Amino acid sequence: MTEQYLKSIKVGFIGGGNMASAIGAGLIRKNVLNPDNVWVSSRTERTHEFWKDLKTHPTLKNDEVVSNCDIIFLTVKPHMLDDALETLAVRKELKKCNSKLFISVLAGISLDTLHAKLSTVVSWPRIIRSIPNTSLMIGEGITVYCSNNAEPKDLELIDMLFSYIGISQNVPESLINSIGGLSGSGPAFAYLIIEALADGAVKMGVPRPMATKFAAQVLVGAGKMVLETGRHPGQLKDEVCSSGGTTITGIHAMETGGVRGSMMNAVEAAVNKTNELSSRLK
């Protein structure tokens, strides 16, 4: 599958908000997708202006996205899916389509539920369920995905697309919700840590802009150390902690404050909320 082929495919987004922007804008800015082959349906003028600036085709009509595109990303909020699909189900000409590839980024909606709903739109929907995160916009995202009826070429295509804007991995659906609590919600947890680290430096006299920049770079550098060395984060932590030194003193303060348990609880809470959504959205 060549880069030229990727530029030729027609990609649509039903919902033009943050996640569509992270994926679509990320791929356009990486020169992977041809913006003239991208359609986006959205209900707000402000969102339309964003997509117009990227030279894509914004529209108010979901059916234009499905009619014009080979691949359709479902990027509305999970509770808005039924309303979005209702506008498509009434279009008899869409039902005549033999097949379309749909990629869902909707938390909590299973493959079986997606298939039942999308079968009202096209006769044989090929479906990939994915959990990306917003860091895709800068090419540093994480996407996990699964399917029970997509063709091998579909999985290859999606893996290639997401690999241009981060790391991508096919996983069993049984892991999707649990990984989403880490990778999908994780950026927000990381922003909170960056803010807290910066606040600590500001408390000790460091100017706010400098503190924020350095705190963010600390997380970038630490993450790359884990990924590029392949060493356990505990080992890397130990290498920074000298006996009786400043870092181990800071680690003790973090452990006393329950940082480790709080982060574990945050992931667990996010996963539990996704599981709750799953039970409600069947």
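Keep in mind that what you see is a predicted model, and the values were worked out from it rather than measured.

1. Details of helix α2 (residues 18-29)
Right, on to step 1. Here α2 is 12 residues long and its end C-alpha atoms lie 15 Å apart, about the 16 Å a rise of 1.5 Å per residue gives.
Right, on to step 2. With respect to burial, α2 is a largely interior element, 10 of its 12 residues being buried.
Right, on to step 3. Backbone geometry just downstream of α2 places Asn31 in the positive-phi region, at approximately 65°.

2. Considerations on the sheet that holds strand β7 (residues 141-146)
Right, on to step 1. Pairing is mixed across the open sheet formed by eight strands, whose spatial order is β3-β2-β1-β4-β5-β6-β7-β8. Either end of the sheet is taken by a strand with one partner, and the two such strands are β3 (57-59) and β8 (166-170). The sheet shows a mean angle of 20° between the axes of neighbouring strands, direction not considered.
Right, on to step 2. Strand direction decides the pairing type here: strand β2 (residues 38-41) and β3, joined by three bridges, are parallel. Each bridged residue has a counterpart across the sheet, and for Ser41 the counterpart in β3 is Thr59.
Right, on to step 3. Across the sheet, helix α7 (residues 111-118) touches β4 (71-74), β5 (100-104), β6 (125-131) and β7, and the angle it forms with β6 is around 140°.
Right, on to step 4. With respect to the sheet, helix α8 (residues 152-163) is in contact with β4, β5, β6, β7 and β8, its orientation differing from that of β8 by roughly 155°.

3. What about helix α11 (residues 208-229)?
Helical periodicity: at 3.6 residues per turn, an α-helix aligns residues three or four positions apart in one direction.
Right, on to step 1. The first and last C-alpha atoms of α11 sit 31 Å apart over 22 residues, in line with the 32 Å expected at 1.5 Å per residue.
Right, on to step 2. Positioned one or two residues after α11, Gly230 has a phi angle of 75°, which is positive.

4. As for the nonpolar core
Right, on to step 1. Core analysis: the largest hydrophobic core is formed by 57 residues, its most contacted members being Ile14, Ile23, Leu74 and Leu161.
Right, on to step 2. Ranked by residues supplied to this core, first place goes to α2 with seven residues.
Right, on to step 3. Beyond its immediate chain neighbours, meaning those up to four positions away, Leu161 contacts Leu6, Ile9, Leu27, Val32 and Leu33.

5. Examining the pattern of salt bridges
Right, on to step 1. Inspection of every chain in the model, using the stated rule, returns 10 salt bridges.
Right, on to step 2. As a salt-bridge pair, Glu49 and Lys52 come within 3.6 Å of each other at their nearest N and O atoms. Pair noted here: Glu49 and Lys52 are both in helix α3 (residues 45-53), with a separation of three residues, about one helical turn.
Right, on to step 3. Looking at Glu49, the relative accessible area reads 37%, which means it is partly exposed.

6. Some remarks on the packing of helix α10 (residues 186-203) against α11
Right, on to step 1. At a closest axis distance of 8 Å, the pairing of α10 and α11 adopts a crossing angle of 135°. Comparing their axes, α11 and α10 come out oblique. Read as a crossing pair, α10 and α11 show a hand that is right-handed. For the pair formed by α10 and α11, the contact residues are Ala190, Ile193, Ile194, Glu195, Leu197, Ala198, Asp199, Ala201 and Val202 on the first element and Arg208, Ala211, Thr212, Ala215, Ala216 and Leu219 on the second.

7. Some details on the pairing of strand β1 (residues 11-14)
Right, on to step 1. Burial along β1 is two-sided: the residues Val11 and Phe13 and Gly12 and Ile14 are all buried.
Right, on to step 2. Pairing of β1 with β4 involves four bridges; the strand directions are parallel. In the strand pairing of β4, Val11 is matched with Ile71.

8. Considerations on unusual backbone geometry
Right, on to step 1. One non-glycine residue, Asn31, adopts positive backbone phi at about 65°.
Right, on to step 2. Structurally, the position occupied by Asn31 is in the loop between α2 and β2.

9. Thoughts on a nonpolar patch on the surface
Right, on to step 1. A cluster of nonpolar side chains, namely Ile193, Leu197 and Val218, defines an oily patch on the protein surface of about 230 Å² accessible area.
Right, on to step 2. Along the chain, the position of Leu197 falls in helix α10.

Parameters at a glance
- Residues numbered from 1 in each chain as written.
- Predicted model: local features only at pLDDT ≥ 70, side-chain atom pairs only at ≥ 80, totals over all residues.
- Heavy atoms only, no water.
- Helix = DSSP H or I, 4+ residues; strand = E, 2+ residues; numbered from the N terminus.
- Expected span 1.5 Å × (residues − 1).
- Buried < 20%, exposed > 50% of the residue type's maximum accessible area, 1.4 Å probe, protein only.
- Pairing = 2+ DSSP bridges.
- Axes fitted to C-alpha atoms, helices over the stretch in contact; angles between N-to-C directions.
- Contact = heavy atoms within 4.5 Å.
- Core = buried A, V, L, I, M, F, W, Y, C linked by side-chain atoms within 4.5 Å.
- Salt bridge = Lys/Arg side-chain N within 4 Å of Asp/Glu carboxyl O.
- Parallel < 35°, antiparallel > 145°, perpendicular 65-115°, else oblique.
- Left-handed = near helix turned anticlockwise from the far one by under 90°.
- Patch = residues over 30% accessible without salt bridge, like charges linked within 9 Å, V, L, I, M, F, W, Y side chains within 5 Å.
- Areas by Shrake-Rupley, 256 points an atom, 1.4 Å probe, with all protein chains shown as cover.

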